Structures are given as structure tokens and as C-alpha cells.
Amino acid sequence: MRKIVVFISGRGSNLSSLTEACERGTCLAEIVAVISDKPNVLGLEIANQKNIPALVVNRKLYQNSDEFDKALEERLDVYKPDWIVLAGFMRVLGKHFVKKYRGKLVNIHPSLLPSFSGLDTHRRALLAGVKWHGATVHFVSEGLDEGPIIAQIAVPVYLYDTVESLGMRVLQAEHKLLPGVMSFCVQGKIYLGTDSVIYDYSIMNNAMAWS
Ligand code: GRF
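Let me sum up the structure you'll find in this document. Since this is a predicted model, take the numbers as computed values, not measurements.

Where helix α1 (residues 13-24) meets helix α6 (residues 163-186), the closest approach of the two axes is 9 Å, and the angle between their N-to-C directions is 45°. Judged on the interaxial angle alone, α6 and α1 are oblique. Between α1 and α6 lies a crossing of right-handed hand. Taking contact as the criterion, the partners of Ser13, Asn14, Ser17, Leu18 and Ala21 in α1 are, on α6, Leu171, Glu174, His175, Leu178, Pro179 and Met182. Classifying every residue of the contact of α1 with α6 by side-chain character gives six nonpolar, four polar and one charged.

See below:
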């Protein structure tokens, strides 16, 4: 069974959807730990309820991001993860960290990258007037939200949408996308090649664009 460690900073709804897929057996993996950079967040409670080890590496207790990354590494390596999923983890990981775990580090971002990298994606999508918005799962590279794209899910933007209504539609879509992608990753059907994503021939008929 493949081992996944999930990094969070807050609510943990993507953690929940991934955990449920692992429990159902649609994603053949075990979530062996959840690590949060903030104490007292809802995602830690979700992990506790599911009996998943829940750790806090509090960013505020470290002088700089190198020391924080080193502390994360130490905790992480105990679990020997095959995959590390950033699910609402609101920190940029340093060069060394990203290089060390290259090909194992996956992030979910609430926009159709490369549009709207960074924060406040739903507001920016509405302001830009785009008619389709969504979420992306990608391998993590050094640049912010820039790594090779694995899969995307698109949702329509309606004229009456608010940041909240659009955000909710995207989040529900994320809950389909992340477990779907990870179920292929843990089976070795999706992996990172030298500079692009490699898909196993057996999933060539699966569109990597969901809606
Ligand atoms: C999600 O929209 C995710 O794409 C983004 O942060 C949000 C986290 O939500 N990176 P949750 O903590 O999984 O509920």
C-alpha cells in the first residue's frame, strides 16, 4: 500500500475527500500522517477523528523558511511517504525541499493554471470575467503554482456568481479531482518524467480534464 502524507493549513476538506477515497478503496493508499503549519485548524481535527497522526510544524516558531523546511523534512521522513499532497497548504516550500521530494510532491490549486496562480483566485476570476474556472493538480516545482500540470477540472461561471458561490462550486469539483488524480498516481499510472508528466498507456483513454 502506497503511503501519502498530506500537508494542510486550514479547513481540510480536500484532506477529507482524499481520506474517504482511501477508506473506500478507490485510492489504493493510506494517509499515514497529516502535517499542518498552523495549530488548531479544522483539518487537524479531521485527521484525529480518522485516527491519522496529526502533527503541527508551526511556521511561527521558526526563524526563517529554511529552518521551517528542515523541521518539516525531519517529521516527514519518519513516515517514508511515497506521495506528499499539499491540500490547502499555504506556504511556499524552498528549493532544497522541492528538489529532494521531486516527483512525489503534488499540489491542488483553485484555478485553471496557468491563469490565476497565487491567492484570491475566485475573486480574480470574477473580475476578469472568465466563463470557465476550476482547479488544477500539478507537480510542485520551485516557482509558485508553476509545476507540470497533471489534471484539471472546469466549472462554469454564472452571471449571478459571487466569490462564495463560485468558490463553493470549485471546491466541490476539487473533491472529485484530487482523489481521482491520486488514485492513478499511487498506482504508478501517473508520474513525473524528466520535464513532463508521464501517463501510463492504460489510462490514455481517460481525459485528464474533468468537468
Ligand atoms: C482549496 O481550494 C485548495 O485548492 C487551496 O486551498 C483550499 C483548501 O481547502 N490550495 P481545504 O483546506 O482543503 O478545505
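The contact between helix α5 (residues 121-128) and α6 brings their axes to 9 Å, and the two run at 115°. One element, α5, and the other, α6, form an angle in the roughly perpendicular class. Crossing handedness for the pair α5 and α6: right-handed. Seen from α5, the contacting residues are His122, Arg123, Ala125 and Leu126; seen from α6, they are Val163, Leu166, Gly167 and Val170. Split into classes, the residues belonging to the contact of α5 with α6 amount to five nonpolar, two polar and one charged.

Near the ligand, the surroundings consist of Arg11, Gly12, Ser13, Asn14, Gly88, Ile108, His109, Pro110 and Glu174. Note that a nitrogen atom of the ligand is positioned 3.1 Å from one of the backbone N or O atoms of Ile108. A distance of 2.7 Å separates an oxygen atom of the ligand from a polar side-chain atom of Glu174. Protein contact buries 88% of the 370 Å² of open area that the ligand shows by itself. Counting residues per element, the ones that place at least two in the shell around the ligand are α1 and β5 (105-109). Looking at side-chain class alone, the shell around the ligand contains two nonpolar, five polar and two charged residues.

Criteria and thresholds
Residues numbered from 1 in each chain as written. Predicted model: local features only at pLDDT ≥ 70, side-chain atom pairs only at ≥ 80, totals over all residues. Heavy atoms only, no water. Axes fitted to C-alpha atoms, helices over the stretch in contact; angles between N-to-C directions. Helix = DSSP H or I, 4+ residues; strand = E, 2+ residues; numbered from the N terminus. Parallel < 35°, antiparallel > 145°, perpendicular 65-115°, else oblique. Left-handed = near helix turned anticlockwise from the far one by under 90°. Contact = heavy atoms within 4.5 Å. Nonpolar A, V, L, I, M, F, W, Y, C, P; charged D, E, K, R; others polar. Near = heavy atom within 4 Å. Polar contact = N/O pair within 3.5 Å; in protein donor to acceptor, adjacent residues only side chain to side chain. Areas by Shrake-Rupley, 256 points an atom, 1.4 Å probe, with all protein chains shown as cover.

The quantities given are spatial measurements derived from coordinates; they are silent on function.
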